Amino acid sequence: MLTGQSHSSDSAEHVASQTALPRAERVGPTILAIDTASTSMSTAVLINGEVKGELYEDMDRGQAEHLMSFIAQSLEAAGIGIDEVDGIAVTVGPGAFTGMRIGLSTARALGLARKIPVAGVSSLEAVAYGVSERDQQGRNILVALDSKRSEVFAQAFDARKKPLSTAECVPPRQALMMAPPGDTLLAGDAKPRLLTAAAHAPDAFYDCSAPGLPRAGNVARIAAERWESGENLPPVPMYLRAPDARRIEDQGPQKKK
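As the structure is a prediction and not an experimental result, all values here were calculated from the model. (Residues numbered from 1 in each chain as written. Predicted model: local features only at pLDDT ≥ 70, side-chain atom pairs only at ≥ 80, totals over all residues. Heavy atoms only, no water.)

Undergrad: Even after reading the chapter, I still don't get the pattern of salt bridges, so can you show me in this structure?
TA: When the charged atoms of two side chains lie near each other, side chains of opposite charge can form a pair. A full pass over the atoms with the stated rule returns 6 salt bridges. The salt bridge partner of arginine 193 is aspartate 146, with a shortest N-O separation of 3.9 Å. With arginine 193 in helix H7 (residues 191–197) and aspartate 146 in strand S7 (residues 140–146), the pair connects residues that are 47 residues apart, well separated along the chain. Classification of aspartate 146 as partly exposed rests on a relative accessible area of 27%. What you see here is one network of salt bridges that share partners, running through Asp146, Lys148 and Arg193. (Salt bridge = Lys/Arg side-chain N within 4 Å of Asp/Glu carboxyl O. Helix = DSSP H or I, 4+ residues; strand = E, 2+ residues; numbered from the N terminus. Buried < 20%, exposed > 50% of the residue type's maximum accessible area, 1.4 Å probe, protein only.)

Structure follows, in structure tokens:
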């Protein structure tokens, strides 16, 4: 049994196979999206610009064991087989090292087996993309994700959700400086730390209701928008800091006892 909280964006999509358009009539790429780059797991399928079979579950452990089952469920809910997928979108981080590797290795293996492209999408951008227009109201967005250390993974986006800064691993107060002057929405699972740091900030920072971690449906939408232009990221990990575990030879000379 899976742990955590599981959600399906369309529990009735098992009937989609009866209503799905023939492949020749579909508009835009059909994309399988995967996110395992944090403490959750999410999969979804994008057909004709519409997200089908999106699954999300908070999951600290067990992503490798359950990912293929999630993929199968999303495809079944969308009413298609893996042979009907035009490409795969996967989050490349920043995030948990193990989670990133699980999602990327699975996406690349499926892409190689099917001989279809694999597109990378930033986890920070996927969270920004999930901010609703009702929340945003033309304001900039600052996304912060938990790095499991004193720093946060952060990046600023403008009112059109285009990057205003590069992604960095910085302390919360320094992350606030990434946002331009003016009203800014804070998003991401490290948002509480930014809100605390912003208590005495001169600019106005606001909370929002966007999910704190990426959703595969947004990952698919981002990849689809850039599919023809080829502007998606390569499917390689976005490392913003060194891993906690290092090889012995990387740790320098060992002290003699």
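Undergrad: Is there a simple way to think about the confidence of the model for the chain in this case?
TA: Detail in the predicted coordinates should be disregarded across regions flagged by low pLDDT. This prediction gives the chain a mean pLDDT of 86; 83% of its residues lie at or above 70. Long-range and interchain partners of residues 1–21, a stretch whose pLDDT sits below 50, account for 34 contacts in this model, where long-range means more than four residues apart. In the model, residues 245–251 has pLDDT below 50 throughout and makes 2 contacts with residues more than four positions away in sequence or in other chains. (pLDDT = per-residue confidence, 0-100. Contact = heavy atoms within 4.5 Å.)

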